[in-house]
Amino acid sequence: MSGNPYPLGLRLAGRRVVVVGGGAVATRRVPALLDAGADVLLVAPELTPALRAHVDAGRLHWAPRRFAPDDLDGAWLVQVAIDDPLAAASVSAAAAERRIFCVRADDRAAATAWTPAVTRHGPVTVAVLGGGDPRRAMAVRDAVRALLEVREGTLPTPAAPEGTTSGTRPGRVALVGAGPGDPELITVRGWRLLTEADVVVADRLVPGLLLDELRADVELVDASKIPYGPSRAQEEINRILVDRALAGRSVVRLKGGDPYVFGRGGEELLACAAAGVPVTVVPGVTSSIAAPAAAGIPVTHRGVAHEFTVVSGHVAPDSPASLVRWDALAGLRGTLVVLMGLKNLAAITAALIAHGRPAQTPAAVVQEATTGAQRVLRSTLGAVAAEVVAAGLRPPAVVVLGDVVDALAGAGAAGLPGSPLAPGGQADPVE
């Protein structure tokens, strides 16, 4: 390709963008397209669990098959996210016939558009093209981001010395909390380690835009795609962390929320320690606090609640596997925050009421907190389970029970805009 690329910001809201491929590259690129408001058509026989979650949430359209040229009818842009050169070339040819710009993950020279290295800082988006050299683009991007952080008074920790490679430094693992959903809620240290990583092992709930900022040569492992049952899957994740680190690579285990809040971070640390792999733990903003805050609910408030308890609801109260004393929780006067409890919400609320918690206790459910898809339902302990079903709320969601739900009602204190739902699933008026 001759000549310098012409930099341009595409306004894709409501416009069709076709993504061909359902693997790791598409997993990294789709979130930015959705963030831009694009009408995304994903064409692939199979998808990663992270992409499937977008499909299930109705954020994009999925054609579960191989690419056909008429998939590009009406499209403004196509991103080819497959590693089959012949198949990618056929997409390029169909795009060229229709005069549609085509991004090629497999061959930049054959592409008619390049995806830049991107950093986002509030309303500012910086995109860097490195003349065809992704490493140069990433280095400049990181320097720009560092300058933006200095202007905000935050000094980033220096990166690894120039010329240092995974083969010349000891391997390491960092357990990094990615926060509750908004990519800007990761810590500065967590982001720095992410930019230095050779391998990223990511959960399904990590902010997708963080993956879009990874270097092109980073190995992305979708932890939610690990086969077997839950215990075997964890063993496989542990093995990947240890093996990559022992090979001299810098590994980030990127987890939604905080690594130690129902995140199995302790199990991963123990596995690494047993293998002699050094581990850094970077705490993350946990959804147990962030989700209520984003909905305008403080987990504690003077004169209302002097305590809050966080509990996992993934096991039903009547299950022999449950470790939770629901009878004791029912007797507490403070705030109760339930994570992973939507499936068992009816049983949880019934157990709390049966053990003495008043049915009129204020309740709230916050779906996809701190993201543009946030929804908030306010109800009572006795009615919330039925109203969640009626409103069509789905995981990930955080349940908040206690008088704090109403402590700031009417104060306009929600941390981020979302889609508020009143009891019964009716939208609250928003000024």
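Quick summary incoming for the structure in this document. What you see is a predicted model; the values in this text were computed from it and never measured.

What counts, and at which threshold
- Residues numbered from 1 in each chain as written.
- Predicted model: local features only at pLDDT ≥ 70, side-chain atom pairs only at ≥ 80, totals over all residues.
- Heavy atoms only, no water.
- Pairing = 2+ DSSP bridges.
- Helix = DSSP H or I, 4+ residues; strand = E, 2+ residues; numbered from the N terminus.
- Axes fitted to C-alpha atoms, helices over the stretch in contact; angles between N-to-C directions.
- Patch = residues over 30% accessible without salt bridge, like charges linked within 9 Å, V, L, I, M, F, W, Y side chains within 5 Å.
- Areas by Shrake-Rupley, 256 points an atom, 1.4 Å probe, with all protein chains shown as cover.
- Salt bridge = Lys/Arg side-chain N within 4 Å of Asp/Glu carboxyl O.
- Core = buried A, V, L, I, M, F, W, Y, C linked by side-chain atoms within 4.5 Å.
- Buried < 20%, exposed > 50% of the residue type's maximum accessible area, 1.4 Å probe, protein only.
- Contact = heavy atoms within 4.5 Å.
- Phe/Tyr/Trp six-rings, centres within 6.5 Å; stacked < 30°, edge-to-face > 60°.
- Lys NZ or Arg CZ within 6 Å of the ring centre and 35° of its normal.
- Parallel < 35°, antiparallel > 145°, perpendicular 65-115°, else oblique.
- Left-handed = near helix turned anticlockwise from the far one by under 90°.
- Nonpolar A, V, L, I, M, F, W, Y, C, P; charged D, E, K, R; others polar.

A few points about the sheet that holds strand 9 (residues 199-202)
Part 1 of the argument: Taking strand neighbours across the sheet as the criterion, the five strands line up as 10-9-11-8-12 in an open arrangement whose pairing is parallel. Sheet topology places strand 10 (219-222) and strand 12 (279-282) at the edges, where each strand pairs with a single neighbour. Taking each pair of neighbouring strands and ignoring which way they run, the sheet shows an average axis angle of 15 degrees.
Part 2 of the argument: Summarising the sheet, strand 8 (residues 172-177) and strand 11 (residues 250-255) pair through six bridges and their orientation is parallel. For Arg 172, the partnering residue across the bridge sits in strand 11 and is Ser 250.

Examining a nonpolar patch on the surface
Part 1 of the argument: On the surface, a nonpolar cluster with roughly 410 Å² of combined accessible area is contributed by Tyr 6, Leu 8 and Leu 10.
Part 2 of the argument: For Leu 8, the position within the fold is in the segment before strand 1 (16-20).

Overview of the nonpolar core
Part 1 of the argument: Residues Trp 326, Leu 336, Leu 352 and Val 365 are the most contacted members of the largest nonpolar core, which totals 23 residues.
Part 2 of the argument: Those elements giving two or more residues to this core turn out to be helix 10 (326-330), strand 14 (335-339), helix 11 (345-354), strand 15 (362-367), helix 12 (384-391) and strand 17 (397-401).
Part 3 of the argument: Ignoring anything within four residues of it in the chain, the contact list for Trp 326 reads Val 311, Ser 312, Pro 317, Leu 336, Ile 348, Ala 351, Leu 352 and His 355.

Thoughts on the pattern of salt bridges
One side chain can pair with another of opposite charge once the charged atoms of both are near each other.
Part 1 of the argument: Per the counting criterion, the structure on display carries 22 salt bridges.
Part 2 of the argument: Notably, a salt bridge pairs Asp 198 with Arg 215, separated by 3.4 Å at the nearest N-O pair. Here Asp 198, found in the loop between helix 5 (188-196) and strand 9, pairs with Arg 215, found in the loop between helix 6 (208-212) and strand 10; they are 17 residues apart in sequence, far enough to count as distant. Just as Asp 198 is buried, Arg 215 falls in that class too.
Part 3 of the argument: The shortest N-O distance in the salt bridge between Arg 244 and Glu 219 comes to 2.8 Å. With Arg 244 in helix 7 (residues 230-246) and Glu 219 in strand 10, this pair connects stretches of sequence that are 25 residues apart.
Part 4 of the argument: Through salt bridges that share partners, Asp 203, Arg 253, Lys 255 and Glu 268 make up one connected network.

A word on the packing of aromatic side chains
Part 1 of the argument: In this structure the tally under the stated criterion is zero aromatic pairs.
Part 2 of the argument: Above the ring of Trp 76, the side-chain terminus of Arg 15 is found at 4.5 Å from the ring centroid.
Part 3 of the argument: If you follow Arg 108 out to its NZ or CZ, it ends over the ring of Trp 114, 4.4 Å from the centre.

What about unusual backbone geometry?
Part 1 of the argument: Following Pro 395, the chain continues to Pro 396 via a peptide bond in cis, the omega torsion being -5 degrees.
Part 2 of the argument: As for its position among the elements, Pro 396 is in the loop between helix 12 and strand 17.
Part 3 of the argument: With a phi angle near 55 degrees, Arg 99 is a residue other than glycine that sits in the positive phi range.
Part 4 of the argument: A positive phi is found at Arg 264, a non-glycine position, where the angle reads about 60 degrees.

A short note on the pairing of strand 15
Part 1 of the argument: Counting buried positions over the six residues of strand 15 gives six, a clear majority of the element.
Part 2 of the argument: Residues Pro 362, Ala 364 and Val 366 of strand 15 are buried on one face, and the alternating residues Ala 363, Val 365 and Gln 367, pointing to the opposite face, are buried as well.
Part 3 of the argument: Relative to strand 16 (residues 375-380), strand 15 is paired through six bridges, and the arrangement is antiparallel. Of the residues in strand 16, the one forming a bridge with Ala 364 is Arg 378.
Part 4 of the argument: Pairing between strand 15 and strand 17: five bridges, direction antiparallel. Bridge pairing links Val 365 to Val 399 in strand 17.

Let's talk about the environment of Glu 97
Part 1 of the argument: One can find Glu 97 in helix 3 (residues 85-97).
Part 2 of the argument: Sequence separation between Glu 97 and Pro 69 is 28 residues; the distance between their C-alpha atoms is 9.7 Å.

Things to note about the packing of helix 11 against helix 12
Helix-helix packing: each pair is described by the crossing angle between the helix axes and the interaxial distance.
Part 1 of the argument: Two numbers describe how helix 11 lies on helix 12: the axes approach to 8 Å, and their chain directions differ by 160 degrees. In terms of orientation, helix 11 lies roughly antiparallel with respect to helix 12. Handedness of the helix 11/helix 12 crossing: right-handed. Of helix 12, the residues touching helix 11 (which contributes Leu 345, Ala 346 and Thr 349) are Val 384, Ala 385 and Val 388.
Part 2 of the argument: Within the contact of helix 11 with helix 12, the residues separate by chemical class into five nonpolar, one polar and no charged.

Everything listed here is a matter of coordinates, which is why it stays silent on function.
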